[in-house]
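As a plain string of letters, each chain reads:
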Amino acid sequence: MERNPMQKLNDLSRSLTPLKPDGTLIAVIEMSLSSWLVAGIVPGIERQPLKKLDVDENALLKLLNRWREEAQKAGQGIERIAVAFEAGRDGFWLARWLRARDIEAHIIHASSVAVSREHRRAKTDRLDTELLKRAFLGWLRGERDHCKMVAIPTIKDEDAKRPNRERESLVGEQSRIVNRMKAALVRLGIRGFNPKLKKAVERLDGLRTPEGEPIPPNTLAELRRDMARRRLVSDQIRQIEDTRLERLEQAPSDGPHAMVRLLARVIGVGIETADMLVQEVLSRNMRDRRAIARYAGLTGSPDESGRKRREKGLARSGNARVRRGMIQLAWRFLMFQKDSTLAQWFRARTENARSTRKTMIVALARKLLIGLWRLVREGVVPDGVVLRPVS
């Protein structure tokens, strides 16, 4: 079986390999936690088989081989097996597993498949496989806009994203714990007490409500547990940050590490933000700056019909972490890089129209992301941006 040619930067919207229908076995998988529904298009077989399997990759491989044997018995030599399924909870492991066994595997971006606009449309796994087959077949023919594929990362690339994502989850958990403690204290009328202080646990026994009563025993026990939980979460956040710094120091010239160190030289960009941007977007092989903005979800969603022209706001179809991080960074950029061309551009457009600041900050975030992409890819520093000296 022939392997796919080297992946090009623009081969996610259509296949660049010519489709030979008589020599290609096509299969799509509708995946769930309990079972897989596999639908196939087998050359030489008039029926289009549909098989429900347990969640078992070896059973899937046996099914594909059985369909290939049926095609060969019908006089069709199978040169290519193409399998596709939607991106979901299973991630990318199955695609990597299939590719390691000389089977062409693709992952369909779920939101790129057109669906019926009926108010109440029928939706079953069988109908979903029919929809995926039509979309995948059009993609294999090289026709645009049938569906788009997701780039399949290596397990190393996936693992590199985990520290930043885990830290984001832990920071959110820490905030929820602190808010819960503050709410418990306010419910008793106790204000002005900071539960994040190191000696907060020792001071709990001395706290009194406005009625002069101590904290009730059950509430006191709850607060002690929450404080212990917050300390644990804080220690885990610190461990992640320390480990990241150690890895940057051990391999400073490594590809992603070099990008992180370069971004962190931009005044206003910290190690955490730099690491998130590199792992989530800047280390990917993007086609151009439009693809960068689209991946970050920083593009608009126009609504035009006839004479109606309006903008519905951000598309929100890209990477939410990058979008949130870039909008926060854009506000910070205005404080730390006041003399840069981008900051001057923003001020010139909002000086006499303060109400447009929230809209224009998205445009600034988009321009800034493209500028940072050019910085790590081409070494081009955005005009007026000040860098820290090399440490």
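1. A few points about unusual backbone geometry
Backbone phi values are negative for most residues with the exception of glycine, while trans is the configuration of most peptide bonds.
Step number 1: Here Asp102, not a glycine, exhibits a phi torsion of approximately 60 degrees, which is positive.
Step number 2: Mapped onto the fold, Asp102 is located in the loop between helix H2 (93-99) and strand S5 (104-108).
Step number 3: On the accessibility criterion, Asp102 (36% relative accessible area) is partly exposed.
Step number 4: In this structure, Asp145 is a non-glycine residue whose phi angle is positive, near 70 degrees.
Step number 5: For Asp145, a relative accessible area of 67% gives the class exposed.

2. Observations concerning the packing of helix H11 (residues 320-336) against helix H13 (residues 357-378)
A pair of packed helices is captured by two measures, namely the crossing angle of their axes and the spacing between those axes.
Step number 1: Between H11 and H13, the least distance of the axes is 8 Å, while the angle of their chain directions is 100 degrees. Looking at the two axes, H11 sits roughly perpendicular to H13. Side by side, H11 and H13 meet where Val322, Met326, Ile327, Leu329, Ala330, Trp331, Phe333 and Leu334 of the first sit next to Arg357, Ile361, Val362, Leu364, Ala365, Leu368, Leu369 and Leu372 of the second.
Step number 2: Of the residues assigned to the contact of H11 with H13, the class counts are 15 nonpolar, no polar and one charged.

3. Side note on the nonpolar core
Inside soluble globular proteins, nonpolar side chains tend to come together where they are buried.
Step number 1: The biggest cluster of nonpolar side chains holds 41 residues, and the ones touching the most others in it are Leu263, Leu277, Met326 and Leu369.
Step number 2: When contributions to this core are tallied by element, the ones reaching two or more residues are helix H8 (255-264), helix H9 (271-282), helix H10 (289-295), H11, helix H12 (341-350) and H13.
Step number 3: Leu369 has contacts with Leu277, Val281, Leu282, Ile292, Ala296, Leu298, Val322 and Met326, leaving out every residue within four places of it along the chain.
Step number 4: Counting residues in each nonpolar core, the second largest holds 27 residues, with Met31, Leu63, Ala95 and Ile107 among its members.

4. Thoughts on the environment of Gln328
Step number 1: Along the polypeptide, Gln328 turns up in helix H11.
Step number 2: Between the C-alpha atom of Gln328 and that of Ile361, which follows or precedes it by 33 residues, the distance is 9.3 Å.

5. Overview of the pairing of strand S4 (residues 80-86)
Step number 1: The buried count for S4 comes to six of seven residues, which makes it a mostly enclosed element.
Step number 2: Bridge count between strand S1 (residues 24-31) and S4: six bridges; the pairing is parallel. Within S4, the residue paired with Ala27 across the bridge is Val83.
Step number 3: A crossover links S4 with its parallel partner S5, the connecting element being H2, and its sense is right-handed.

6. Side note on the packing of H8 against H9
Step number 1: In contact at an axis separation of 8 Å, H8 and H9 are set at 135 degrees when each is read in the N-to-C sense. In this view, H8 runs oblique relative to H9, as classed from their interaxial angle. Regarding H8 and H9, the two cross each other, and that crossing is right-handed. Side by side, H8 and H9 meet where Pro256, Met259, Val260, Leu263 and Ala264 of the first sit next to Ile271, Ala274, Asp275, Leu277, Val278, Gln279 and Leu282 of the second.
Step number 2: Classifying every residue of the contact of H8 with H9 by side-chain character gives 10 nonpolar, one polar and one charged.

7. Side note on the packing of aromatic side chains
Step number 1: This structure, assessed with the given rule, holds three aromatic pairs.
Step number 2: A ring pair is formed by Trp36 and Trp93, whose centres lie 6.4 Å apart and whose planes are at 35 degrees; its orientation type is tilted. Residue Trp36 is located in strand S2 (residues 35-41), and its partner Trp93 is located in helix H2; the two are separated by 57 residues in the primary sequence.
Step number 3: The side chain of Lys367 reaches across the aromatic face of Trp345, ending 5.0 Å from its centre.

8. Things to note about the side chain of His257
Step number 1: Here His257 shows up in helix H8.
Step number 2: The class of His257 is buried, set by a relative accessible area of 17%.
Step number 3: Beyond its immediate sequence surroundings of up to four residues, His257 is in contact with Arg247, Leu248, Ala251 and Pro252.

9. Overview of the pattern of salt bridges
Two side chains carrying opposite charge are able to pair once their charged atoms lie near each other.
Step number 1: If you walk through the whole model with that rule in mind, you get 23 salt bridges.
Step number 2: Among the salt bridges present, the one from Lys133 reaches Glu130, with a minimum N-O distance of 3.4 Å. With Lys133 and Glu130 both in helix H3 (residues 125-140), this residue pair falls three residues apart, about one helical turn.
Step number 3: Under the relative-accessibility criterion, Glu130 is labelled partly exposed at 29%.
Step number 4: Across the pair Asp303 and Lys308 runs a salt bridge whose closest N-O atoms are separated by 3.4 Å.
Step number 5: Residues joined by salt bridges that share partners form a network here, namely Arg167, Glu241, Arg244, Glu272 and Asp275.

10. A few points about the confidence of the model for the protein chain
Step number 1: Of the residues in the protein chain, 97% have a pLDDT of 70 or more, and the chain-wide mean is 91.
Step number 2: Ranking the elements of the protein chain by mean pLDDT puts strand S7 (residues 308-314) last with 80 and helix H5 (residues 162-187) first with 96.

11. Some thoughts on helix H1 (residues 57-73)
Step number 1: When the terminal C-alpha atoms of H1 are compared, their 25 Å separation across 17 residues agrees well with the 24 Å that a helix rising 1.5 Å per residue should span.
Step number 2: Elements in contact with the buried residues of H1: S1, S2, strand S3 (50-54), S4 and H2.
Step number 3: Between the side-chain oxygen of the N-cap and the backbone nitrogen of Asn58 there are 3.0 Å, and the N-cap of H1 in question is Asp56.
Step number 4: At the exit of H1 stands Gly75, carrying a positive phi of roughly 90 degrees.

12. Section: H5
Step number 1: Here H5 is 26 residues long and its end C-alpha atoms lie 37 Å apart, about the 38 Å a rise of 1.5 Å per residue gives.
Step number 2: Listed as buried for H5 are Asn164, Arg167, Leu170, Gln174, Ile177, Val178, Met181, Ala184 and Leu185.
Step number 3: Buried positions along H5 lie against helix H7 (217-250) and H9.
Step number 4: Once H5 finishes, Gly189 follows within two positions and takes phi at roughly 85 degrees, a positive value.

About the thresholds
Residues numbered from 1 in each chain as written. Predicted model: local features only at pLDDT ≥ 70, side-chain atom pairs only at ≥ 80, totals over all residues. Heavy atoms only, no water. Helix = DSSP H or I, 4+ residues; strand = E, 2+ residues; numbered from the N terminus. Buried < 20%, exposed > 50% of the residue type's maximum accessible area, 1.4 Å probe, protein only. Axes fitted to C-alpha atoms, helices over the stretch in contact; angles between N-to-C directions. Parallel < 35°, antiparallel > 145°, perpendicular 65-115°, else oblique. Contact = heavy atoms within 4.5 Å. Nonpolar A, V, L, I, M, F, W, Y, C, P; charged D, E, K, R; others polar. Core = buried A, V, L, I, M, F, W, Y, C linked by side-chain atoms within 4.5 Å. Pairing = 2+ DSSP bridges. Right-handed = clockwise from strand over helix to strand, strands pointing away. Left-handed = near helix turned anticlockwise from the far one by under 90°. Phe/Tyr/Trp six-rings, centres within 6.5 Å; stacked < 30°, edge-to-face > 60°. Lys NZ or Arg CZ within 6 Å of the ring centre and 35° of its normal. Salt bridge = Lys/Arg side-chain N within 4 Å of Asp/Glu carboxyl O. pLDDT = per-residue confidence, 0-100. Expected span 1.5 Å × (residues − 1). Polar contact = N/O pair within 3.5 Å; in protein donor to acceptor, adjacent residues only side chain to side chain.

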